[in-house]
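Take a look at the letters that make up each chain.
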Amino acid sequence: VESLLGFASPGKSSCEEIDAKALVAEAVEAARVERCIADRPERWTIESRVECRRFRGDRIKLRQALRNLVANSLQAQADGGTVVVEVREENGDVELRVHDAGPGFPESLRGRSGEPFLTTRAEGTGLGLSLVHAIAAIHGGGIEIRSGPGPLGGADVRIRIPRQPS
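Reference entry: report on the structure contained in this document.

The rules behind the values
- Residues numbered from 1 in each chain as written.
- Predicted model: local features only at pLDDT ≥ 70, side-chain atom pairs only at ≥ 80, totals over all residues.
- Heavy atoms only, no water.
- Axes fitted to C-alpha atoms, helices over the stretch in contact; angles between N-to-C directions.
- Helix = DSSP H or I, 4+ residues; strand = E, 2+ residues; numbered from the N terminus.
- Left-handed = near helix turned anticlockwise from the far one by under 90°.
- Contact = heavy atoms within 4.5 Å.
- Nonpolar A, V, L, I, M, F, W, Y, C, P; charged D, E, K, R; others polar.
- Expected span 1.5 Å × (residues − 1).
- Buried < 20%, exposed > 50% of the residue type's maximum accessible area, 1.4 Å probe, protein only.
- Pairing = 2+ DSSP bridges.

## Description of the packing of helix α4 (residues 59–76) against helix α6 (residues 128–138)
Packing of α4 against α6 leaves a shortest axis separation of 9 Å and a crossing angle of 145°. Seen from above, α4 lies across α6 with left-handed handedness. Of the residues in α6, those touching α4 at Lys-61, Leu-62, Gln-64, Ala-65, Asn-68, Leu-69 and Asn-72 are Gly-128, Leu-129, Leu-131, Val-132, Ile-135 and Ile-138. Each residue belonging to the contact of α4 with α6 can be placed in one class, and the counts come to 8 nonpolar, 4 polar and 1 charged.

Laid out in structure tokens, this is it:
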């Protein structure tokens with residue numbers, strides 16, 4: 001219900017100064033309570049790498065976007081694995097990145113990742129990535145999905161938003 005409500009009204013946002021380390025910590029903690037992860041959290045390693053000054057944006061929405069991406073990465077590695085969450089500044093933008101050692105994102109679906117109700121999981125709503133796309137757009141940015149030969153070999157999702165001075 002929360003995902004559906006967020007998807008239905010993504011346009012409402014507020015702008016505040018964001019501490020990137022706190023944002024990542026909150027998103028990871030929210031993702032860790034997923035039913036399939038909470039029972040055996042020791043099976044997953046989640047690393048965070050934050051190399052970004054404070055920046056402005058909607059903290060609640062960006063936390064939701066990161067939470068969705070981290071949860072997707074954890075769920076894609078049902079038996080455990082590694083997820084890396086990064087926030088860094090690049091070419092005047094803020095890049096929020098989640099990559100994992102899972103099976104990757106199917107090439108055939110990459111161009112459709114923003115479509116609502118598109119899911120590859122029986123228990124999925126198909127709203128997570130749609131919401132991430134909407135949140136990136138609200139911030140004047142977008143998302144990029146890569147898969148395959150990356151640092152960990154699985155999905156590599158990047159949200160890039162223009163850096164607003166804090």
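Back to the write-up after that little detour.
## A closer look at α4
For α4, which comprises 18 residues, the first-to-last C-alpha distance of 26 Å matches the rise-based estimate of 26 Å (1.5 Å per residue) to within 8%. Here α4 lies mainly inside the structure; 13 of its 18 residues are buried.

## Topic: the pairing of strand β4 (residues 81–90)
Here 8 bridges tie strand β2 (residues 44–51) to β4, and the two strands are oriented parallel to one another. By the bridge assignment, Trp-44 is partnered in β4 with Gly-81. Relative to strand β5 (residues 93–100), β4 is paired through 8 bridges, and the arrangement is antiparallel. Along β5, the bridge assignment pairs Val-84 with His-99.

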